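Coordinate inspection notes
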Amino acid sequence: KNMLERRSIRAYKKDLVPQETLDLILTAGEYSPSGMGQQSTLMVVTQNPDLVAKLSKMNGAVMGADSDPFYGAPTVVIVFADTNAGTWLQDGSLVMGNLMLAAYAVGLGSCWINRAKEMFESAEGKALMKEWGIADTYAGVACCILGYADGPLPEAKPRKNDYIVRV
């Protein structure tokens, strides 16, 4: 049911996610599958408004935009993965999926925001990684924005006819 109903949310209320709820979502991320059980990923989470704004600006700069690519979400989880693992991108993607499904399960909205790799390849991003104690072998996979949806859930787009090929 959660997998069928979850949608990407692009408008958020300013209310912070309670710590207990956030911890449930992060635990779901921790228990994501990973190649050979290596757990190559790590998550950096913030609800600090100044840091959220800084990260949003960094993400927007990658696309040359001044708009807020985080859509006003008060919480950001940056998923990183160790590029020494052969499945680093897949591992990080699985964490993102778990985070978004868990968020919906506890009544929150979420959205996958691309450009984390580029954000943390920049001098500013590398400086943040160093400040946070993240080794330079890690790469940004994506940012998961979280919060309470400011409006109704979007309708699902119709599924394409040739989605499944049975052989």
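**Observations concerning the state of the cysteines**
Across all of its chains, the model carries zero disulfides by this definition. With no disulfide partner, Cys111 has as its closest neighbouring cysteine sulfur the one in Cys144, 8.4 Å distant. By relative accessible area, Cys144 is classed as buried at 0%.

**A few points about the side chain of Ser56**
Locating Ser56 in the fold gives a position in helix α3 (residues 49-62). At 2.6 Å, the side chain of Ser56 forms a polar contact with the side chain of Asp68. For Ser56, the residues in contact, after removing those within four places along its chain, are Asp68, Pro69 and Phe70.

**Thoughts on helix α4 (residues 88-105)**
Counted at 1.5 Å a residue, the expected span for α4 with its 18 residues is 26 Å, and the 26 Å between its end C-alpha atoms agrees. Turning to α4, its buried residues number three or more, namely Trp88, Asp91, Gly92, Val95, Met96, Leu99, Met100, Ala102, Ala103 and Tyr104. In the stretch just after α4, Gly107 is the one whose phi turns positive, near 90°.

**Quick look at the layout of surface pockets**
Size it by volume and the largest pocket reaches roughly 300 Å³. When grouped by side-chain class, the residues that make up the lining of the largest pocket number four nonpolar, one polar and six charged. Each pocket or cavity is described by its volume, and for the second largest pocket that value is around 160 Å³. Every residue along the wall of the second largest pocket is listed here: Lys14, Leu16, Gln47, Pro49, Val52, Ala53, Ser56, Asp68, Phe70, Gly72, Ala73 and Pro74. Of the residues contributing to the lining of the second largest pocket, the split by class is seven nonpolar, three polar and two charged.

**Overview of the sheet that holds strand β4 (residues 138-147)**
Read from one edge of the open sheet, four strands run β1-β2-β4-β3, paired in antiparallel fashion. Edge positions in the sheet fall to β1 (41-46) and β3 (109-113), since each has one partner strand and no second. The sheet shows a mean angle of 25° between the axes of neighbouring strands, taken without regard to direction. In this sheet, strand β2 (residues 75-82) lies alongside β1 in antiparallel orientation, the contact comprising six bridges. Opposite Val44, over in β2, you have Ile78 as the bridge partner.

Parameters and conventions
- Residues numbered from 1 in each chain as written.
- Predicted model: local features only at pLDDT ≥ 70, side-chain atom pairs only at ≥ 80, totals over all residues.
- Heavy atoms only, no water.
- Disulfide = S-S within 2.5 Å.
- Buried < 20%, exposed > 50% of the residue type's maximum accessible area, 1.4 Å probe, protein only.
- Helix = DSSP H or I, 4+ residues; strand = E, 2+ residues; numbered from the N terminus.
- Polar contact = N/O pair within 3.5 Å; in protein donor to acceptor, adjacent residues only side chain to side chain.
- Contact = heavy atoms within 4.5 Å.
- Expected span 1.5 Å × (residues − 1).
- 1 Å grid on protein atoms, 1.4 Å probe; cavity = no way out; pocket = protein on both sides within 12 Å on 5 of 7 lines; lining within 4 Å.
- Points joined across faces, edges and corners; volume = space filled by probe spheres on them.
- Nonpolar A, V, L, I, M, F, W, Y, C, P; charged D, E, K, R; others polar.
- Pairing = 2+ DSSP bridges.
- Axes fitted to C-alpha atoms, helices over the stretch in contact; angles between N-to-C directions.

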